[in-house]
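Each chain, letter by letter, is given below.
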Amino acid sequence: MIRQISILLFLTLSTGLFAQKQDTTKHRSVRQIKLSSDYTEEIKNPIDTVFSLFHRFRFADKYSPFNAMLGNYGLPFYQINFFDRITDPDQFLYSSYYPLMYVPDKAVFMNTQVPYTELIWTVGGQKETSEQTFRVRHSQNVNRYFNFGLIYDIAYSLGQYSYQRAEDKTATLYTSYTREKYKLYFSAGINNIINLENGGISDISDLGSADTRDLPVKLGGVDNATSTLKNWNILLIQKYKVGGNKVVKPDSAKGIAGSKGGGISGTFSHILMIDRTRRSYTDDYPESGFYDSLYVSSTSTFDTLTSNVLKNTVRFDFETSETRKFRLGGGFGFRNEIIKYGQLVPTHSTPDSVFTSWRRGNNAVVGRLFNSIGEKFRWTATGELYLTGYRAGDFSLNGAITKAFDLKKGRGFMEITGGMMNRQPSFWYEQWGGNNFEWHKDMKKEFRIDVGSVLSYPARKLNLKFNYAVIKNYTDFDSTAMPSQYSGGLSVASLLFSKGMKAWKFHLDPEILIQKSSNSNILDLPLATARAAAYFEHMLRFRKTNGKLNTQIGIDVTYNTPYHPYAYMPATGRFYRQYDMEAGNYPFVNVFINFKLQRTRVFVMFDHLNYGMMGQSLDKKYFMVPDYPMNIRMFRFGLAWTFYN
C-alpha cells in the first residue's frame, strides 16, 4: 500500500508542478458564515483551507483539540476539555458523536462568486484494519443572492481490534437567499452512524503479546453487538426587514455622492427547527456475562429510543444604523417546543416489552440586547425563560464584552463572558428502559454559573482562554453506569494556552490545557493536557515552471497527566465514572510531512510512531478509555483538492 501511495503522491505533485505556470485564475470571493446561537446574527466563519499542520485531519479535533476515544476514529468519544462538552438536553442521544454530525446549531452557509468544490481523502493502516475518511463539498451561487451547497462525509474504520468497525455517513444540504429586505436560510442534515461494539479487550495485560485482531474482547462475534444512530434534521429561517437605511445612489452629473441615511430598522423572524433521532442497540447473545441484568429477553436484545423535537420561534429584532458610531440593538420573541420521546419498556410481568411514548411541551420567551461603540467595543446579552411545560422555570442569561486593541503587529482582541443557567436535565436521565438497564428517577434542576475571558492576538498566533464554573446538582453517570446527581457544589477551572513560535524556518506550535475540579470523585480531569507540533518549513521553487512547493516536516506529540477517565457502556452509549484504572502519562507521537502545491494539500504520517518503544512501565498504557486501546503504529496518507472555478 505504501508503494501505491508513493506513486499517487508523485503523480499528484508532478501534475501540479507542470500546471503551476498555467494557473492564472483571478482571486474570487468565497464567503462562509454561520449563525449565532439564537440565529439572529451572521458570523464570519473562514473556510478551512489552511496548509499548516494539515496532517491533523480529524474534523472532531477542530471542534475540540483534546478527545478521549475508543481507539479508531468514528466510534463514540468525549471531550477532555470540560468546557467543550455537549450538555444540551435535546442532544443527549448523539452527544458522543456531535462533532461529526450535521445538526441545526452547526449549520453553515456560503456566498461565492465562482463554484467552490473541495475533496478530502485520508487512509491509514493495512487493508484488513484500514481507517478511511472522505469528504466532498460543493457550493455555488445561482445569482448574487441565491446560493446552495452540499457536504457529504464518510468515516469508515474496520478497527485494529475485533468487532470495532465504525461506519459513519453524514451529509447536509444547505441554501440561502439574502436580499436587503428578505433573507432565507435552509439546511437539512442526515446522519447515519453504525458501530460494532466489542466491550473492550478482555485483559489489558495481553497487549503486545499477539496480533491486535487475535486479542479476546468482551463482546465477541456471537454477540454481534451493534449500536445504530439515525438522525435527520431541518432548519428553516425566514427574516423580513422593515424600515432602516435608505441608500442614495451617486449622481456625478448633479454632484451627489453615495450615502446612507440613519434610522432604526426592524426584522421579523420565523425559525423552524425539526430534529428526529433514533438510537438502537442489538445483541444476539445477552447471556454472555457482560451485563448483570436482563429485563426483557435472554435470547436477544433490541433496545430502541426515539426523540422527535419540533421548535417554532417568532421574534422581532431592531437595530440602529450600521453607520452610527454608537449602535444599539435588541429583540424579543416567543418559542414553542413539542417533544415526543419513545422507548421499549420492560413489562416485568412477562419476558417482553412494550413501546411507550411520552409527549412534552414547552413555551419560552427569548430576548437579546447589544451595543457597539465604534469598531473596537461591543457588549451583548441574551436570555431565555421557560414559562410553561416540562421545563417550566428553566432560564439562561449570557453576556459578553469584547474590546479590540491595535498593537504593533496587528489587532488583538479581549472578550469577557459570563452566564447563569437553571436547567432541567435530559429526559433520558429520568426515564430509561431496555434489556440491560432500566431506571425511573426524579432529577432536580442543574444550576450553573460561568465566567470566562479570552485574549487573542492573531498576528502573534497567541490565544489564551480562561473558564470557571460553579455547578449545583451536577448530573452524569456513576460507577454503575446509572444516572447520578451531586447535590453539593462543584467548581471547575481551566486555562487553555496556544502560541505559534518561529525561529528562521523552525516552528513550534504548542497547545496546553490546565484543568482542575473541586471534587475529583465526582469529576476527575487531567491536570495538564498538551498537544505540540515542532516542524521545519521550507518553500521549494522550480525556476523552469515557476512552481512553488511548500513543505513541512516534523513531529506531533499529544500527552496528558494521569487521571481516571470515563468508562464506556455499549448498551446505553454513555460514558460513566470509574475509579479502577488510570490513563495518561503516555505520549502519542506522530511524525509527518505536509506538502502544498497551489490548491492541493497532501500529508504522509506515521501515527503512534513510539508504539512499543516506551519501556516496560509505559508500553501498555496507550489507551484513553479503559479497556479500549488506541491504534498501534499506522501509516497514513491524506489528500485535499480544492477548486474555485
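A look at the overall build of the protein
Argument step 1. In terms of regular secondary structure, the protein is built from 3 helices and 36 strands.
Argument step 2. For 645 residues, the compact-globule estimate of 2.2 N^0.38 gives 26 Å, and the C-alpha radius of gyration of the protein, at 26 Å, lies within 12% of that figure.
Argument step 3. By principal-axis analysis of the C-alpha atoms, the protein measures approximately 90 × 70 × 45 Å.
Argument step 4. Counting the 645 residues in the protein, one finds 50% classified as buried.
Argument step 5. Across the protein, every contact between residues at least 6 apart in sequence was considered, and the portion connecting residues at least 24 apart equals 64%.
Argument step 6. Carbon and sulfur atoms make up 58% of the accessible area of the protein, which amounts to about 30,200 Å² in all.
Argument step 7. Side chains of the protein carry 77 positive and 57 negative charges; the gap between the two charge centres is 13 Å.

Here we look at the layout of surface pockets
Argument step 1. Estimated volume of the second largest pocket: approximately 490 Å³.
Argument step 2. If you trace the second largest pocket, you find 24 residues lining it, with Phe-290, Ser-479, Ala-481, Met-569 and Tyr-576 closest to the centre.
Argument step 3. For the lining of the second largest pocket, the residue count by class is 13 nonpolar, 6 polar and 5 charged.

Remarks on the environment of Val-492
Argument step 1. Within the secondary structure, Val-492 sits in strand β25 (residues 483–499).
Argument step 2. As for Val-492 and Tyr-468, which are separated by 24 residues in sequence, their C-alpha atoms are 5.6 Å apart.
Argument step 3. Dropping the residues within four chain positions of it, Val-492 is found in contact with Phe-82, Phe-83, Asn-467, Tyr-468, Ala-469, Lys-516, Ser-517, Leu-523 and Leu-525.

As for the sheet that holds strand β5 (residues 108–112)
Argument step 1. Pairing in this open sheet of 3 strands is antiparallel, and the strands run β2-β1-β5 from one edge to the other. Each edge of the open sheet is held by one strand with a lone partner, namely β2 (42–44) and β5. Neighbouring strand axes in the sheet, compared pairwise and without regard to direction, differ in orientation by 35° on average.

Considering the side chain of Arg-58
Argument step 1. Mapping Arg-58 onto the fold places it in the loop between β2 and α2 (60–63).
Argument step 2. Apart from residues no more than four positions distant in its own chain, Arg-58 is found in contact with Met-69, Tyr-73, Glu-131, Asp-607 and Arg-636.

Section: empty space enclosed by the protein
Argument step 1. Going through the model one piece at a time under the given rule, you end up with 8 cavities of 30 Å³ or more.
Argument step 2. As a volume, the largest cavity reaches approximately 550 Å³.
Argument step 3. Taken together, 27 residues form the lining of the largest cavity, with Ile-86, Thr-87, Tyr-429, Thr-475 and Arg-574 sitting closest to its centre.
Argument step 4. Among the secondary structure elements, those contributing two or more residues to the lining of the largest cavity are β4 (77–79), β23 (446–457), β24 (462–477) and β31 (574–576).
Argument step 5. Broken down by element, the lining of the largest cavity gets its largest block of residues, 4 residues, from β24.

Considerations on unusual backbone geometry
Argument step 1. Not every positive phi belongs to a glycine, and Leu-53 is a case in point at roughly 60°.
Argument step 2. Position of Leu-53 relative to the elements: it lies in the loop between β2 and α2.
Argument step 3. The phi dihedral of Asp-627 is positive, around 75°, even though this residue is not glycine.
Argument step 4. Among the secondary structure elements, Asp-627 is positioned in the loop between β34 (623–625) and β35 (628–629).

A short note on the packing of aromatic side chains
Argument step 1. The final tally for this structure, using the stated rule, is 39 aromatic pairs.
Argument step 2. Aromatic side chains Phe-57 and Tyr-73 sit 6.4 Å apart centroid to centroid with 80° between the ring planes, which places their arrangement in the edge-to-face category. A residue pair is termed long-range when its members are at least 10 positions apart, and Phe-57 in the loop between β2 and α2 and Tyr-73 in the loop between β3 (67–69) and β4 qualify at 16 residues.
Argument step 3. By relative accessible area, which is 6% here, Tyr-73 ends up buried.
Argument step 4. When the ring of Tyr-281 is compared with that of Tyr-291, the centres are 6.3 Å apart and the planes differ by 80°; the resulting orientation is edge-to-face. Note that Tyr-281 is positioned in strand β14 (residues 264–283) and Tyr-291 in the loop between β14 and β15 (301–320), a separation of 10 residues in sequence. Side by side, Tyr-281 and Tyr-291 carry an identical accessibility label, which is buried.

Observations concerning the pairing of strand β6 (residues 116–124)
Argument step 1. By the criterion of burial, β6 is predominantly enclosed, with 7 of the 9 residues buried.
Argument step 2. Taken together, the 9 bridges between β6 and strand β7 (residues 131–141) define a ladder with antiparallel strand orientation. Looking across to β7, one finds that Thr-117 is bridged to His-138.
Argument step 3. As consecutive antiparallel partners, β6 and β7 are separated by 6 residues, and within that stretch Gly-125 has a phi angle of approximately 90°, a positive value.
Argument step 4. Sheet topology places β6 next to strand β36 (residues 634–643); 8 bridges connect them, and they run antiparallel. Bridging from a neighbouring strand, Thr-122 pairs with Gly-638 of β36.

A short note on the environment of Asn-312
Argument step 1. Position of Asn-312 among the secondary structure elements: in strand β15.
Argument step 2. Assessed through its relative accessible area of 28%, Asn-312 is described here as partly exposed.
Argument step 3. Along the backbone, Asn-312 and Leu-236 are 76 residues apart, and their C-alpha atoms lie at a distance of 9.8 Å.
Argument step 4. Setting aside chain neighbours within four positions, we find Asn-312 in contact with His-270, Ile-271, Leu-272, Phe-334, Arg-335 and Asn-336.
Argument step 5. Of the polar contacts made by the side chain of Asn-312, one reaches the side chain of His-270; its length is 2.8 Å.

Looking at the side chain of Arg-531
Argument step 1. One can find Arg-531 in strand β28 (residues 528–542).
Argument step 2. According to the relative accessible area criterion, Arg-531 is buried, its value standing at 10%.
Argument step 3. Setting aside chain neighbours within four positions, we find Arg-531 in contact with Arg-56, Asp-61, Pro-65, Phe-66, Asp-509, Pro-510, Glu-511, Asp-556, Val-557 and Thr-558.

With respect to the pattern of salt bridges
Argument step 1. Summed over all chains, the structure comprises 27 salt bridges.
Argument step 2. Close ionic contact of Glu-42 with Lys-183 constitutes a salt bridge, the shortest N to O distance being 4.0 Å. In this pair, Glu-42 sits in strand β2 while Lys-183 sits in strand β10 (residues 182–196), placing the two residues 141 residues apart along the sequence.
Argument step 3. Given a relative accessible area of 28%, Lys-183 falls into the partly exposed group.
Argument step 4. Between Lys-169 and Glu-167 there is a salt bridge, with the nearest N and O atoms lying 3.4 Å from each other.
Argument step 5. Among the ionic contacts, a cluster of salt bridges with common partners joins Glu-41, Arg-315, Asp-317, Arg-368 and Arg-378.

Some thoughts on the environment of Arg-448
Argument step 1. Checked against the element boundaries, Arg-448 lands in strand β23.
Argument step 2. Residues Arg-448 and Ser-491 lie 43 residues apart in sequence; the distance between their C-alpha atoms is 9.5 Å.
Argument step 3. Contact partners of Arg-448, with chain neighbours within four places excluded, come to Phe-82, Phe-83, Gly-419, Met-420, Met-421, Ala-469, Val-470 and Ile-471.
Argument step 4. Looking at Arg-448, its side chain comes within polar contact range of the side chain of Asp-450, at 2.7 Å.

The rules behind each value
Every chain is numbered independently, its residues counted from 1 as its sequence is written. Local features in this predicted model are restricted to residues whose pLDDT is 70 or higher, and side-chain atom pairs enter the listing and the counts only when it is 80 or higher, whereas totals over whole chains, interfaces and linings include all residues. Water and hydrogen atoms play no part in the side-chain values, which are based on all heavy atoms of the structure. The helix count covers DSSP runs of H or I at least four residues long, the strand count covers runs of E at least two residues long, and both are numbered beginning at the N terminus. In this setup the radius of gyration rests on C-alpha atoms only. A globule is expected at 2.2 Å times the number of residues raised to 0.38. Three exposure classes are used, based on accessible area relative to the maximum for each residue type with a 1.4 Å probe and protein chains only: buried under 20%, partly exposed in between, and exposed over 50%. In this analysis, two residues are considered to be in contact whenever any of their non-hydrogen atoms come within 4.5 Å of each other. Only the protein chains shown count as cover for residues, with accessible areas throughout obtained via the Shrake-Rupley method and a probe of 1.4 Å. By the counting scheme adopted, Arg and Lys are positive, Glu and Asp are negative, and His together with the chain ends is not counted. Where a charge lies is defined by one atom per residue type: Lys uses NZ, Arg uses CZ, Asp uses CG and Glu uses CD. Put plainly, a pocket is an open set of points on a 1 Å grid over the protein atoms alone with protein on both sides within 12 Å along at least five of seven lines, a cavity is a set where a 1.4 Å probe fits but cannot get out, and a lining residue has an atom within 4 Å of a point. Grid points are joined across faces, edges and corners, and a volume is the space filled by probe spheres set on the points. Here the nonpolar group is Ala, Val, Leu, Ile, Met, Phe, Trp, Tyr, Cys and Pro; Asp, Glu, Lys and Arg are the charged ones; every other residue, Gly included, is treated as polar. The rule for pairing is simple: two strands pair if DSSP sees at least two bridges between them. Lines are fitted to the C-alpha atoms to define the axes, a helix being fitted only along its stretch in contact, and any angle between axes, read from their N-to-C directions, falls within 0 to 180 degrees. In summary, the pairing rule links any two rings of Phe, Tyr or Trp, Trp by its six-membered ring, whose centres are within 6.5 Å, and it sorts them by plane angle into stacked for under 30 degrees, edge-to-face for over 60 and tilted for everything else. Polar contact criterion, stated in full: a pair of N or O atoms within 3.5 Å, where within protein one must be able to donate a hydrogen and the other to accept it, and residues adjacent in sequence count only if both atoms are side-chain atoms. By salt bridge we mean one thing: a side-chain nitrogen of Lys or Arg within 4 Å of a carboxyl oxygen of Asp or Glu.

Function cannot be inferred from these measures alone, as they are strictly geometric.
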